[in-house]
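Residues per chain are reported as follows:
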Amino acid sequence: MRRNHRFEGNSVLTTAPASRLDRAIRLFEFLARAQQSVTTAPRTVDGYEVAWTRDMPRHPAVHFAHWDVVPEPGAEIGHVDRLDRVRPPAPSSEVARWLEAGCDDPDVVPKLALEIPGPVPEGEDAEPEVLLLADHPRIVPAYERWLIGWTQWADRERVEKPVRDAYGALFAMQAEAASNPEEKELVLAVGCLVWKPADHPVVRRHLITVPLRIDLDPASGTLHLTAAETVDPLRLELDMLDSGLTRSRHISEVRELARTYAHHPLDLAAIGEVLQRVANSLDPDAVYTETENPGRAAAPTAEVTLAPAVVLRRRNHGLVEVLERIREQLIDAESVPEGVLPLVDPDHRPPTVADPAPGALVAVDDEVYLPLPVNDTQLKIVQRVDQNAQTLVQGPPGTGKTHTAAALLSHLLAQGKRVLVTAQTDRALKEVRAKLPEAIRPLSVAVVGASREDMADLKVAVNTISQRAIDFDGDASVRKIQHHLDAIDRLRRSRSLLHRRIVDVRSAEVTKHEQGPYRGTLAAIATAHNADEKPYGWLRPLIPAEPADQPPLAAAEMIEWLRLLRDDRLSADEPAAQEVLADPATLLPPADFAAAVAAESQARADHEAFQGGRGHAAFAAVRAMPPGDRTVLRQELHRLADTADDLARRREVWMADALADVVSGRGQVWWNRATQLQQLTQQAQPHVQALGFTSVCSTGPDLAPLVALARHLREHLNAGGKIKIAADGTPVLGVLAAKPVKAARDLFAHVRVDGNPPTSVAAIDFFLAWTEAGRLLAALDRAWPASVVIPPEDTFDERLTWHVTELHQLNRVLALGADLAQQDQRLAAWRLPRPEWADLSAVRSYAALVDAAATDDHLLVTRAAVDAAVEPVAGLIHDPAVSPVVLALAKAVVDRDVDGYAVAVHRHARLIEARGQGQYRDRLGSRLQREAARVHEAIAALPEDDVWDDRLARWEHAWAWAVTGVWLGNRQVADLNRLQTEISEVEQTIRHHVEELSAERAWRHAASPSRISGSARANL
């Protein structure tokens, strides 16, 4: 429900009973007046160190932003260059004696004295001599020459001295502010108000200030004046005026204008507008003048001048102004913030949301730890603060309220909260700060007290926060937090273990145990252990103080170690085994070496069997051929020789001539003959096949006329003509017979087909096929050389078969010729000479060259196989520490000494075995010495003693007995006080990690970039 308020002037009037807003406004007005009654703000600049820009020398080394062009926002306010003082020119020693005074003051011209004292006389009664200037005419010209240079120096010094004075003043102000940053501040002040209101002290202070930085350029020495980074670009300061003079509603508008100011603070037009509005808000008759000179005489009418100045002053926290601004904000907002309401309404309970962040609370099992130890009541207070917006703690002095506050602060800071701590006295705040854990204390920015110690604490806090913000590393912070959490967890487990040990101690007397081979209570185990003292007691003085449950070596390993210690053969071979030996896995077994030597011997015999062939002209070329090509060559040569040999054994009369012609390259005539024979056999074959078993004969002297008659008669029959046949099968050639039939009288008379005249188309075709087959077979007979005797055959088929068979043999001869030509090309490609193909024995000798070359290859392979046996030791034979057996092995390979090689390999294997046994013995001894040094020492001292055989046979039982003895010794009733002390130490360490964890969480929030922004650094 909205309440109706009416505002008149600076008072708040209400027609209803006082609302919460009314009470809040009156509360802050009361607080402001109360604070004003005890605090008085400076009314004038008399207590400040002020460097007015009007007093700055106009020199190229000095510049302020408002002196020439309109400055850009962010530009520097000004700078002053460092000018080194130039010493005046030194006069000559003669002139210097006559000068009346020094020459360092540029405003005082040095003059010559008219007389000066002379040298001091030696006698006591002698009068001092006086020198007159008139008696020394050379002095005046020398003085005048020197005075010219001094005058030039004086003119320059009078110009530069004000610059150095201004530089010195600003440098001193910067040094003072830097050495006391908590007490002093540097500001650029503009708008000097000079005013004497009625019933009010005289006011002579600037209305607007800007925090200022003066930075020294280390290279040039220039002082740069720049506006410091801050929240508000301009600060409107009215605390030198009574509140009655600043209640105009326009003041709020001017404050808002100052907060949004976006120009340079020395932009004359922009800053002038702000100053004019401030002046008008204070006094309707006020006057604003844009001049660097501040007003002098105070008058009832306010006078505001630009009057820029660099001011060094004591910091003023302006609490009165803050309280008044809160009051004004309440009036403007017409509502009371949730956090302020309880101040004016005790019944109001602000809503709260529990913070889930762990903060500084760390649960360790069922106990909660804080950086500071707290009791149950104090812990409840911390937990209540997490759950409630307001918590009131009351208690008489000495009940731990300050301690609780410090623990609560640690927790809230670790949650990432900002906390304001107030008290009625500085002492109370100092006590709270002193109780904070050391790692968290720098987060306390304490603005209490004004002593050097208080300021030092504040400086340390600010510097620490700033530096931590600069150095902030989020990942490193997470790692540190996890480190402390892990450490706390380890300590928690240690504490639990100690608690369990306390419980174990108290229950030890009734608890049954199982230790090695023993079972029962401690007393029962101790009794059984004592009973085994005799067989195993020898181990008691040798067992380590804290033995492992299992022996360092098993019983079998102990017995083997003892056997190796006693092995005389190992002792004899061990020195030689330490020499350089080969890797046994790389040595060729003796049987393989013997086989390799035998193979090499056989290959050498085979090689010598072909010794004669190596003089052949083609051997070198054949030897150079790849093995695969050589194999092909040998196979082809043998095949060709076999084929030629097979053909030569044929009985055909023409075969020898054909082979000779083809092999010698004159086979073209035989190629032509084969072509003719092929054509004729192909032509004759259909006619011979058509005759089959039909019998055809002719008694005529000439077949040509009969063939013509037969073809004419077949055409007649094919055209439908008829032949009348008598009973004896002969044709009837009467008057009515057709002319073609009558014309064929001779055909019928001389030709018989199967004993009958050819009176049908089929019979005529048989006759025609007979005549054509006979012609072609006769041509085949003539195609062979005249020396070839054609055997008489009974049938055409037999004759044709003979010709086909002979043609096949001829084709084999011709194929051989083609193969020889192809082989000639292949030999030419291989750069091999052509063999004499007609000499079959020469061809076979040529093929044998391949076998000779193969024996060469095989000899090399077998020789390399034998030589490879020396490769594993080849790199070792020149080593000074090489074993003689390695040298013997290498010599046996070179000499092809099979027996010597076998002996060397077996000796080498023994030395390798000895080396392995020695290394195994040493490994066992090393393990034993590492875990039971005295046992090792006792056995190694007298390994030949027979007593060890019985002892080591029961070694594992003896070890279990000795371990049980140590266990019984450790099971004695522990000192409960010592365990409690250890628990206290663990808990103290837990608390230390809780403190460091809380501090790291607090710093992670406080120094993060989201918290410490640029404006936050400026505020610090």
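Structure: above.
Because the structure is predicted, anything quoted here is derived from the model rather than measured.

How each quantity is defined
Residues numbered from 1 in each chain as written. Predicted model: local features only at pLDDT ≥ 70, side-chain atom pairs only at ≥ 80, totals over all residues. Heavy atoms only, no water. Helix = DSSP H or I, 4+ residues; strand = E, 2+ residues; numbered from the N terminus. Contact = heavy atoms within 4.5 Å. Salt bridge = Lys/Arg side-chain N within 4 Å of Asp/Glu carboxyl O. Buried < 20%, exposed > 50% of the residue type's maximum accessible area, 1.4 Å probe, protein only. Patch = residues over 30% accessible without salt bridge, like charges linked within 9 Å, V, L, I, M, F, W, Y side chains within 5 Å. Areas by Shrake-Rupley, 256 points an atom, 1.4 Å probe, with all protein chains shown as cover. Lys, Arg positive; Asp, Glu negative; His and termini not counted. Charge placed at Lys NZ, Arg CZ, Asp CG, Glu CD. Axes fitted to C-alpha atoms, helices over the stretch in contact; angles between N-to-C directions. Parallel < 35°, antiparallel > 145°, perpendicular 65-115°, else oblique. Left-handed = near helix turned anticlockwise from the far one by under 90°. Nonpolar A, V, L, I, M, F, W, Y, C, P; charged D, E, K, R; others polar. Pairing = 2+ DSSP bridges. Core = buried A, V, L, I, M, F, W, Y, C linked by side-chain atoms within 4.5 Å. Arc of directions from axis to C-beta.

1. As for the side chain of R991
Residue placement: R991 occurs in helix 34 (residues 976–1006). For R991, the contacting residues outside a window of four places in its chain are Y369, L370, P371, L372 and P373.

2. Regarding the pattern of salt bridges
Applying the stated criterion across every chain yields a total of 52 salt bridges. Between R907 and D573 there is a salt bridge, with the nearest N and O atoms lying 3.4 Å from each other. With R907 in helix 30 (residues 898–931) and D573 in helix 16 (residues 568–577), this residue pair connects regions lying 334 residues apart in the sequence. For R907, a relative accessible area of 34% translates into the label partly exposed. What you see here is one network of salt bridges that share partners, running through D365, E367, D489, R492, R493, R495 and E987.

3. Notes on a negative patch on the surface
A contiguous patch of negative charge on the surface is contributed by E793, D794, D797 and E798. With respect to the helices and strands, the residue E798 is situated in helix 26 (residues 796–829).

4. Re the packing of helix 9 (residues 401–414) against helix 10 (residues 426–435)
Geometrically, a packed helix pair is captured by the angle between its two axes and the distance between the axes. At a minimum axis distance of 8 Å, the contact between helix 9 and helix 10 shows a crossing angle of 55 degrees. It follows that helix 9 is oblique to helix 10 by the angle criterion. Helix 10 is crossed by helix 9, and the crossing has right-handed handedness. Contact with helix 9, carried on its side by T402, H403, A405, A406 and L409, involves E431, V432 and K435 of helix 10 and no other residues of that element.

5. As for the packing of helix 15 (residues 555–566) against helix 31 (residues 933–941)
In the contact formed by helix 15 and helix 31, the axes pass within 10 Å of each other and the chain directions differ by 35 degrees. In terms of crossing hand, the pair formed by helix 15 and helix 31 is right-handed. Contacts between helix 15 and helix 31 involve M558, W561, L562 and L565 from the former and H936, I939 and A940 from the latter. For the contact of helix 15 with helix 31, the residue count by class is six nonpolar, one polar and no charged.

6. Looking at the pairing of strand 14 (residues 309–314)
Of all six residues making up strand 14, five are buried, and the element is well covered by its neighbours. Where strand 3 (residues 49–52) meets strand 14, four bridges bridge the pair, whose relative direction is antiparallel. Bridge pairing in strand 14 places E49 opposite L312. Both strand 8 (residues 184–195) and strand 14 contribute to a ladder of six bridges, which runs antiparallel. Bridging from a neighbouring strand, V187 pairs with V311 of strand 14.

7. Looking at the nonpolar core
If you look at the biggest cluster of nonpolar residues, it comprises 51 residues, and the most contacted ones within it are L170, L193, L207, I208 and L282. Taken together, the elements giving at least two residues each to this core come down to strand 4 (62–64), helix 3 (139–179), strand 8, strand 9 (203–216), strand 10 (223–227), helix 4 (249–259), helix 5 (268–282) and strand 14. With seven residues, helix 5 is the single largest residue contributor to this core. Other than its neighbours up to four places away in sequence, L170 contacts A51, M56, V80, I214, L223, L225 and V310. Within the second largest apolar cluster, 50 residues are counted, among which are V707, L713, A779 and A783.

8. Here we look at the pairing of strand 8
In terms of residue burial, strand 8 counts as a mostly covered element, since 12 of its 12 residues are buried. Two strands pair when backbone bridges link them, and strand 8 and strand 9 are joined in this way by eight bridges, in the antiparallel orientation. In the sheet register, W195 faces strand 9, and the bridge partner there is V203.

9. A short note on helix 31
Listing the buried residues of helix 31 in full gives V935, H936 and I939. Angular distribution of buried residues about the axis of helix 31 spans 100 degrees; they occupy a single face of the element. Projecting away from the buried face of helix 31 at angles above 90 degrees are the exposed residues E937 and A941.

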